[in-house]
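Residue-level structure breakdown
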Amino acid sequence: MAYWLFKTEPQTFSIEDLASRTEQTEPWDGIRNYQARNLLRDQVRLGDLVFIYHSSCPEPGIVGIAKVVREAYPDATQFNPQSRYFDPKSEPQQPRWVQVDVKLTEMFAQTVSLKRIKAETRLQDMILVKKGSRLSIQPVTDAQWQILLSMAKRK
DNA sequence: GCCAACGTTGGC
DNA sequence: GCCAACGTTGGC
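Please read all numbers here as calculations on a predicted model, not as lab measurements.

1. Structural notes on the sheet that holds strand E6 (residues 137–140)
Strand order in the open sheet formed by six strands is E2-E5-E4-E3-E1-E6, and the pairing between neighbours is mixed. The sheet is open, and its two edges are formed by strand E2 (26–28) and E6, each paired on a single side. Ignoring strand direction, the axes of neighbouring strands in this sheet form an average angle of 40 degrees. Bridge count between strand E3 (residues 49–54) and strand E4 (residues 61–74): six bridges; the pairing is antiparallel.

2. Here we look at the protein's contact with DNA strand B
The immediate surroundings of DNA strand B are formed by Tyr34, Lys89, Lys131, Gly132 and Arg134. Sugar plus phosphate: this is where 76% of the atoms of DNA strand B within 4 Å of the protein reside. Within the backbone of Lys131, a nitrogen or oxygen atom sits 2.7 Å from a phosphate oxygen of DNA strand B. Between Arg134 and DNA strand B, the recorded distance is 2.5 Å, taken from a side-chain N or O atom to a base oxygen. Tallied by class, residues from the surface near DNA strand B come to one nonpolar, one polar and three charged.

3. What about the packing of aromatic side chains?
Overall, the coordinates contain six aromatic pairs when judged by the stated rule. Look at Tyr3 and Trp145: their rings are 4.3 Å apart centre to centre, the planes differ by 15 degrees, and that puts the pair in the stacked class. Remark: Trp145 occurs in helix H4 (residues 142–151) and Tyr3 occurs in strand E1 (residues 3–8); sequence separation between them is 142 residues. Residue class for Tyr3 comes out buried when judged on its relative accessible area of 13%. Judged by centre distance (3.8 Å) and plane angle (15 degrees), the ring pair of Phe51 and Trp145 falls under stacked. Of this pair, Phe51 sits in strand E3 while Trp145 sits in helix H4, placing them 94 residues apart in sequence. Each residue in the set Tyr3, Phe51, Phe108 and Trp145 is aromatic and connected to the rest through ring pairs, giving one cluster. Above the ring of Tyr73, the side-chain terminus of Arg70 is found at 3.5 Å from the ring centroid.

4. Thoughts on the environment of Gly64
Along the chain, Gly64 falls in strand E4. Apart from the residues lying within four places of it in its own chain, the contact partners of Gly64 are Ile15, Val50, Phe51, Ile52, Glu106, Met107 and Phe108.

5. Some thoughts on H4
Those residues of H4 that fall on the buried side of the exposure criterion are Gln144, Trp145, Ile147, Leu148, Leu149 and Met151. On its buried side, H4 packs onto E1, E3, E4, strand E5 (98–113), helix H3 (114–119) and E6.

About the thresholds
Residues numbered from 1 in each chain as written. Chains lettered and ligands numbered in written order. Predicted model: local features only at pLDDT ≥ 70, side-chain atom pairs only at ≥ 80, totals over all residues. Heavy atoms only, no water. Pairing = 2+ DSSP bridges. Helix = DSSP H or I, 4+ residues; strand = E, 2+ residues; numbered from the N terminus. Axes fitted to C-alpha atoms, helices over the stretch in contact; angles between N-to-C directions. Near = heavy atom within 4 Å. Polar contact = N/O pair within 3.5 Å; in protein donor to acceptor, adjacent residues only side chain to side chain. Nonpolar A, V, L, I, M, F, W, Y, C, P; charged D, E, K, R; others polar. Phe/Tyr/Trp six-rings, centres within 6.5 Å; stacked < 30°, edge-to-face > 60°. Buried < 20%, exposed > 50% of the residue type's maximum accessible area, 1.4 Å probe, protein only. Lys NZ or Arg CZ within 6 Å of the ring centre and 35° of its normal. Contact = heavy atoms within 4.5 Å.

Set out below in structure tokens:
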């Protein structure tokens with residue numbers, strides 16, 4: 001079982017949106033970066049746990065935890081001309097982009113802010129902290145996961 | 001809104 | 001395959 005960090009912009013899709021899903025599961029679609037795609041396709045597995053990270057907002061940081069409930073399958077938005085994620089170069093016979101399904105397992109009472117993460121000496125190796133890193137699907141080590149969990153205010 | 005740091009595109 | 005131009009991400 002592996003750990004991950006998925007970024008999302010709360011103004012587009014927030015953890016509150018994830019929490020409100022009556023279907024319980026949510027497709028994590030719209031990933032349009034090859035490195036992130038490769039991780040989703042080749043390494044993210046059923047049962048893996050994911051930190052949900054809010055970016056491009058007043059307080060960037062980790063806001064909760066989700067679980068992977070379905071492994072990679074073609075992202076439908078790439079074939080939908082109405083979607084902001086439409087990719088005219090992707091062939092239905094050979095889909096370029098994939099998505100996984102996730103289910104919320106826990107919402108933190110308080111954001112573990114990027115500011116706090118950057119201030120934690122033991123987390124300096126996180127991809128998130130590395131200057132210029134924009135990767136939206138990131139691996140998190142067991143040690144990093146435990147440290148971040150201990151920093152979270154849990155309900 | 002600014003801008004650094006990336007990633008992608010496309011001409012050559 | 002190189003690399004300039006352009007587009008995007010995301011913190012501040």
